[in-house]
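# Chain and residue survey
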Protein chains: 2
Amino acid sequence: MTAPSTLRGVFAPTLTPLKEDLSPDVDRWIAHCTRLLDDGCHGLVPFGTTSEANSFGMEERMDMLEMLVDAGVFPDRLMPGTGLCALPETVRLTSHAVELGCAGVLLLPPFYYKGVGDEGLFRSIAEVIERVGDERLHIYLYHIPPIAQVGYSIGLIERLVSAYPDTVVGIKDSSGDWNNLHNILTNFPGFATFTGSERFLLQTLRLGGAGTITAMANVVPRTLRRLYDNWESENAQALQADVDRFREALAGYSPIPALKSIVAFRQSDPGWRTVRPPLVEFDDAQTQDVLEKCGLCGEREIED
Amino acid sequence: MTAPSTLRGVFAPTLTPLKEDLSPDVDRWIAHCTRLLDDGCHGLVPFGTTSEANSFGMEERMDMLEMLVDAGVFPDRLMPGTGLCALPETVRLTSHAVELGCAGVLLLPPFYYKGVGDEGLFRSIAEVIERVGDERLHIYLYHIPPIAQVGYSIGLIERLVSAYPDTVVGIKDSSGDWNNLHNILTNFPGFATFTGSERFLLQTLRLGGAGTITAMANVVPRTLRRLYDNWESENAQALQADVDRFREALAGYSPIPALKSIVAFRQSDPGWRTVRPPLVEFDDAQTQDVLEKCGLCGEREIED
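Here is a short report on the structure shown in this document. (Residues numbered from 1 in each chain as written. Chains lettered and ligands numbered in written order. Predicted model: local features only at pLDDT ≥ 70, side-chain atom pairs only at ≥ 80, totals over all residues. Heavy atoms only, no water.)

Quick look at the interface of chain B and chain A now. Listed by partner, the interface residues are 43 residues for chain B and 43 residues for chain A. When the two sides are added together, the surface that chain B and chain A hide from each other amounts to roughly 3300 Å², 63% of it contributed by carbon and sulfur. Ionic pairing is found between Glu281(B) and Arg123(A), a salt bridge with its closest N-O pair at 2.9 Å. At the boundary of chain B and chain A, one finds 16 residue pairs in polar contact (both at pLDDT 80 or more). Secondary-structure elements contributing two or more residues to the side of chain B that touches chain A are α2 (58-70), α3 (87-99), α4 (118-132) and α5 (145-148) of chain B. In terms of residues, the side of chain B that touches chain A owes the most to one element, α4(B), which gives seven residues. In the side of chain B that touches chain A, the residues fall into 25 nonpolar, seven polar and 11 charged. (Contact = heavy atoms within 4.5 Å. Buried area = accessible area lost by both parts, 1.4 Å probe. Salt bridge = Lys/Arg side-chain N within 4 Å of Asp/Glu carboxyl O. Polar contact = N/O pair within 3.5 Å; in protein donor to acceptor, adjacent residues only side chain to side chain. Helix = DSSP H or I, 4+ residues; strand = E, 2+ residues; numbered from the N terminus. Nonpolar A, V, L, I, M, F, W, Y, C, P; charged D, E, K, R; others polar.)

Within the structure shown, the criterion is met by 30 salt bridges over all chains. Between Arg28(B) and Asp25(B) there is a salt bridge, and its shortest N-O distance comes to 2.9 Å. No difference in accessibility class separates Arg28(B) from Asp25(B), as the two residues are buried. We note a salt bridge from Arg247(B) to Glu198(B), for which the minimum N-O separation is 2.4 Å. Within this pair, whereas Arg247(B) is found in helix α10 (residues 236-250), its partner Glu198(B) is found in the loop between β6 (192-195) and α8 (201-206), the two being separated by 49 residues in sequence. By relative accessible area, which is 29% here, Arg247(B) ends up partly exposed. Salt bridges sharing partners connect three or more residues here, namely Glu119(A), Arg123(A), Arg159(A) and Glu281(B). (Buried < 20%, exposed > 50% of the residue type's maximum accessible area, 1.4 Å probe, protein only.)

Moving on to unusual backbone geometry. Backbone torsion omega between Pro277(A) and Pro278(A) reads 15°, so that peptide bond is classified as cis. Along the chain, Pro278(A) falls in the loop between α11 (255-266) and α12 (284-293). Non-glycine residue Glu52(B) carries a positive phi angle of around 60°. Topologically, Glu52(B) is positioned in the loop between β2 (43-45) and α2.

With an RMSD of 0.0 Å, chain B superimposes on chain A once it is rotated by 180° and translated 0.0 Å along the axis. These values place the two chain copies in the arrangement generated by a two-fold rotation axis. Proximity to the rotation axis, assessed at the C-alpha, singles out Tyr112(B) in chain B; its C-alpha lies 4.2 Å from the axis. Comparing interface residues between copies, 100% of those in chain B also sit at the interface in chain A, which points to an isologous, same-surface contact. (Least-squares fit on C-alpha atoms with pLDDT ≥ 70 in both.)

With that settled, the discussion passes to the sheet that holds strand β5 (residues 168-173) of chain B. Residues and elements named next belong to chain B. An order of β2-β1-β7-β6-β5-β4-β3 is seen for the seven strands of this open sheet, with the pairing classed as parallel. What marks the edges here is a single partner per strand, and that holds for β2 and β3 (105-107). Each adjacent strand pair in this sheet contributes to an overall mean axis angle of 30°, direction not counted. Here three bridges tie β3 to strand β4 (residues 139-143), and the two strands are oriented parallel to one another. When the bridges of β4 are listed, Leu 106 appears paired with Tyr 140. (Pairing = 2+ DSSP bridges. Axes fitted to C-alpha atoms, helices over the stretch in contact; angles between N-to-C directions.)

This part is about α10(B). All names here are of chain B. For α10, which comprises 15 residues, the first-to-last C-alpha distance of 22 Å matches the rise-based estimate of 21 Å (1.5 Å per residue) to within 8%. Taken residue by residue, α10 has Ala 236, Leu 239, Gln 240, Val 243, Asp 244, Phe 246, Ala 249 and Leu 250 as its buried positions. Structurally, α10 contributes buried residues whose contacts are with α8, α9 (221-229), α11 (255-266) and α12 (284-293). Two residues or fewer after α10 comes Gly 252, characterised by a positive phi angle close to 95°. (Expected span 1.5 Å × (residues − 1).)

So, about the environment of Ala210(B). Along the chain, Ala210(B) falls in the loop between α8 and β7 (211-213). Between the C-alpha atom of Ala210(B) and that of Asp21(B), which follows or precedes it by 189 residues, the distance is 38 Å.

Before going further, it helps to examine the packing of helix α3 (residues 87-99) of chain A against helix α4 (residues 118-132) of chain A. Residue and element names in this part refer to chain A. As a packed pair, α3 and α4 sit with axes 9 Å apart at the nearest point and diverge in direction by 45°. Comparing their axes, α4 and α3 come out oblique. Like other packed secondary-structure pairs, α3 and α4 cross with a definite hand, here right-handed. Every residue of α4 that contacts α3 at Leu 87, Thr 90, Val 91, Thr 94, Ser 95 and Val 98 is listed here: Ser 124, Glu 127, Val 128, Arg 131 and Val 132. (Parallel < 35°, antiparallel > 145°, perpendicular 65-115°, else oblique. Left-handed = near helix turned anticlockwise from the far one by under 90°.)

See below:
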């Protein structure tokens, strides 16, 4: 029942490679983005949590997005993160993405104040929508309480969808809580619901969800795409198990440095390991350890 | 043992009055700031948590600070909040404050990623200091784990002070945990330690601390100043009890809307109640309730 204009599929919250001075390495970033699309991702989420989005400034984010589109990545495959704590800055980033033609934006709620109620969060999102004032705006709510602490309750989603049915069109649920995801999928059948954890991808698709936006898409896009394309096949459970193997291998590692280490290994480019503080990159020993766990150094490599 | 250049006293994290369109009402804000200094505050913290700092954009914050200084408030009485999640933006706000001549800055750690270690936080603060690259910079660490979730451990403070003894000169401890505050006061005797809760003010001063930066200074600056000036007198405990009465009256209320309601009442200016989302202003009934609790409507008014 998803409206034809909403996004579906496997989306990667793209890792952001850095130069030694911690500035974004745009060339390597665009190459990574292009590779992910070539390898099966339906679209990209520049500036998700995995992208270290909140460690970058407004200007950095807007400049990079423009360069990505200038490089030939179609904005109808882009859902950049645009939610910040400050209302005028969320409005500015969101308007910028809409003007570039991005198919959607992934919207964190304002996340500084804790314990705020649904009324205040509703007003925040409503202000963003009214101030952007553009019917091309399509918002995907970004629910990630383990990190943002502040999130979108079922009641708040309901209120936003009722008030702005053509604008608030989907959600990424990164709660890690199947019950919450299940509630969203069953309460909002017309909504484009993405699971933030690929381990729920098959279940999500079976309940009419839109797909997944997962950090793992940075390293196993083909594996995810195979499951997405074949979720109705007899093979689906085995394909889900292929997906799960990678997450299990990474369990316990800080995901952003771990994923950057894997890309660095595959690209033979140690500079890819660099992260911006407050994150800390993996050293050689940690890198070796994570590569072994993922089977990337031995004979039984996890293939993608 | 506090170095002569560090700040001491009663500081107010200034409330930010808004216009109906949610933009900062700079005239009313400057009037409030001036009144607080006239009423005994040693200095001001524009853009603390109580100021709704993180709900305002970079440009709003820099413009306001310039207007405050232009209005005649001496920057040697100012310690603006400048810590954001994104490194380049923290650097920009911090440099701006230094260039305006502000005596210090109150620095939140980057607060989006949770569970980050001291190494990454040390690198964040070190990057800010190196990039600002100005010996006039004086940083007061802003430790407020109940809201920011990310904070400064004793070990991290030690490392920062060792590496940057002339720059990292103080802290505001808003943990609400006396043991933590006590540890800071006893471990770092030369440090300018402010309690974020005025209920620890007397104890803080007795252990050589610098004073308090408390939301309550927006409404009872004289009461706080009396305690600060007379902490060695026989009367000190009674003066601390005067301070405590106000917090007890406000217990259970969302502090920012509550404090704005009190200022609105005193200034006969209902527009002062307005807050920016995700906060929600108090309605008439809530306002009446908080005024009664504070004794502001009855015969036994809590005086300041």
